[in-house]
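# Topology and contacts: notes
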Amino acid sequence: MEAANDSVVRRIGTDVEILGVASDSSGADIEAWIKNVGTYSIGPVNSVDVFLITPGEGYSALLYGQAGLPGTWREYPLGASWERGEVLSLQIVIPQDFPVSAKYHILRVATPNGVVGEATFERW
Amino acid sequence: MSVTLVTILMMGMFLTGFLMLWQNFNLNAVALNDAVRISSQLERERIRTSLHVGNVEVDTENCAIDLEIINSGLEAIAPITGFEVMVSFPGGSNVPRILEHEGGSEGSAVDTWSIKLADPSEAEPSIARPGSSHTIRMGLNLPEPSDTTAFVIVSTPNGVTVGADVTGILTPCSATE
């Protein structure tokens, strides 16, 4: 019961805010900056779940990968922590089946304990 | 006699167990209550925080952007050094980046930002009171040619953002060290 209570307390105190997403339509890379606005550190960073959603078109769950392959994401700089108040820079390489012709997309980020941050962005 | 003693002993054990459970329950309830209180306080501060962009000027000679931000919310924002400043180049070739805060100078170092004080004797240079305005000076390094527009995002320490289009940039250019 105490473990369950601790888990709920940590979840209430965990929060993220997607500050911005930069995505050039001519490239395969997406850059995102996400701030830890909760009261706890978030980690491990490679356990964060990242999704790209194109309404009416598709949904991709991205894998963590440091090699920069299509359909993966990595933190920048590699090995960065995500303490309270820190901004995590994400570098995403879009998957091969990503609907590049669509203009509006959603970036969804979920922390290891299931707290979700979401932002709509436009590919220029 | 012995039956009475056993009964008292059992009652004592039952009461002790009950009190331990009750204490545990109370500690959990306090922790949960604290988490909810702090979380709702942070959320309330975020709701009351707002930024607006005022004047935007491009210093082509020094590859710098001056962005005036106005605290249009109800909360004082402090410290200003806790702001996050990000720049991207829609449709351009220069890489998007997050700028580092430069405390010592007036933002002329490469890929840094600083607060440009209108009056060096300002009493509270690191606090943005409601209604006050501050100018953020960004020094950039833009090696790729033909980018003329940028998009700047400024975030408060609690994650409230404001964005502004900046036009009139001349690239390639680099801020002086």
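Before going into details, it helps to say that this report is about the structure given with it. What you see is a predicted model, and the numbers here were worked out from it, not measured in a lab. (Residues numbered from 1 in each chain as written. Chains lettered and ligands numbered in written order. Predicted model: local features only at pLDDT ≥ 70, side-chain atom pairs only at ≥ 80, totals over all residues.)

### Topic: the overall build of chain A
Convention followed: Each helix is a run of H or I in the DSSP string that is no shorter than four residues. Each strand is a run of E no shorter than two, and both are numbered from the N terminus. Atoms considered for the radius of gyration are the C-alpha atoms alone. The globule rule reads 2.2 Å times the number of residues to the power 0.38. By the convention adopted here, residues make contact when the C-beta atoms placed from their backbones lie within 7 Å.
When its secondary structure is counted, chain A shows 1 helix and 8 strands. In chain A, the succession of helices and strands from N to C terminus is α-β-β-β-β-β-β-β-β. Relative to a compact globule of 124 residues, whose C-alpha radius of gyration would be 14 Å, chain A shows 15 Å and is just as compact. Its C-alpha atoms give chain A principal-axis dimensions of about 50 × 30 × 20 Å. In chain A, of all internal contacts separated by at least 6 residues, the share reaching a separation of at least 24 is 60%.

### What to know about the environment of Val 160 of chain B
Residue and element names in this part refer to chain B. For Val 160, the position within the fold is in the loop between strand E8 (149-155) and strand E9 (161-167). Sequence spacing of Val 160 and Thr 49 is 111 residues, and the spatial spacing of their C-alpha atoms is 6.8 Å. Not counting the four nearest positions on each side in its chain, Val 160 is found in contact with Arg 46, Thr 49, Ser 50, Leu 51 and Ser 155.

### Some remarks on the packing of helix H1 (residues 2-12) of chain A against helix H1 (residues 2-47) of chain B
So the rule is basically this: Every axis in this analysis is a line fitted to C-alpha atoms, fitted for helices over the stretch in contact. Angles between the N-to-C directions lie between 0 and 180 degrees. An angle counts as roughly parallel when it lies under 35 degrees, as roughly antiparallel when it exceeds 145, as roughly perpendicular when it falls between 65 and 115, and as oblique in every other case. Classes in brief: Ala, Val, Leu, Ile, Met, Phe, Trp, Tyr, Cys and Pro nonpolar; Asp, Glu, Lys and Arg charged; the others, Gly included, polar.
Two elements in contact, H1 of chain A and H1 of chain B, have axes whose closest approach is 9 Å; the angle formed by their N-to-C orientations is 10 degrees. Taken together, the axes of H1 of chain A and H1 of chain B are roughly parallel relative to one another. Here H1 of chain A contributes Glu 2, Asn 5, Val 8, Val 9 and Ile 12 of chain A to the contact with H1 of chain B, which in turn contributes Asn 24, Asn 28, Ala 31, Leu 32, Ala 35, Val 36 and Ser 39 of chain B. Taken together, the residues of the contact of H1 of chain A with H1 of chain B sort by class into 7 nonpolar, 4 polar and 1 charged.

### Brief notes about the interface of chain B and chain A
Quoted interface sizes are often the accessible area lost when the parts come together. In this complex, chain B contributes 21 residues to the contact, which on the side of chain A involves 20 residues. Of all the elements in the fold, those that place two or more residues in the side of chain B that touches chain A are H1, strand E3 (84-88) and E8 of chain B. Broken down by element, the residue count for the side of chain B that touches chain A peaks at 8 residues, all from H1 of chain B. Residues that form the side of chain B that touches chain A fall into these classes: 11 nonpolar, 9 polar and 1 charged.

### Topic: the nonpolar core
Just so we agree on the cut-off: Defined on buried residues, the nonpolar core groups Ala, Val, Leu, Ile, Met, Phe, Trp, Tyr and Cys residues joined through C-beta atoms within 7 Å. Partly exposed residues are those whose C-beta has more than 12 but fewer than 20 other C-beta atoms within 10 Å; 20 or more makes a residue buried and 12 or fewer makes it exposed, with C-beta atoms placed from the backbone.
By size, the foremost hydrophobic cluster in this structure holds 53 residues, and its most contacted members are Ala 32, Ile 34 and Ile 92 of chain A together with Val 85, Ile 136, Met 138 and Val 152 of chain B. Counting residues per element, this core draws most heavily on strand E1 (residues 16-23) of chain A, which supplies 5 residues.

### A closer look at the sheet that holds strand E3 (residues 49-54) of chain A
Residues and elements named next belong to chain A. The line we're drawing: Strand pairing is defined by DSSP finding a minimum of two bridges between the two strands.
Read across the sheet, 8 strands follow the order E1-E2-E6-E5-E4-E3-E7-E8 without closing on themselves; strand pairing throughout is mixed. Strand pairing shows two members of the sheet lacking a second neighbour, E1 and strand E8 (116-122), which therefore form its edges. Going across the sheet, the axis of each strand differs from the next one's by a mean of 25 degrees, ignoring polarity.

### A word on the sheet that holds E9 of chain B
All names here are of chain B. Reading across from one edge, E1-E2-E6-E5-E4-E3-E8-E9 is the order of the 8 strands in this open sheet, with mixed pairing throughout. Two strands in the sheet have a free side with no partner beyond their single neighbour: strand E1 (51-59) and E9. Across the sheet, the axes of successive neighbouring strands diverge by a mean angle of 30 degrees, strand direction being ignored. Of the strand pairs in this sheet, strand E4 (residues 97-101) and strand E5 (residues 112-116) are connected by 2 bridges, and their pairing is parallel. The partner of His 101 across the bridge, within E5, is Trp 113.

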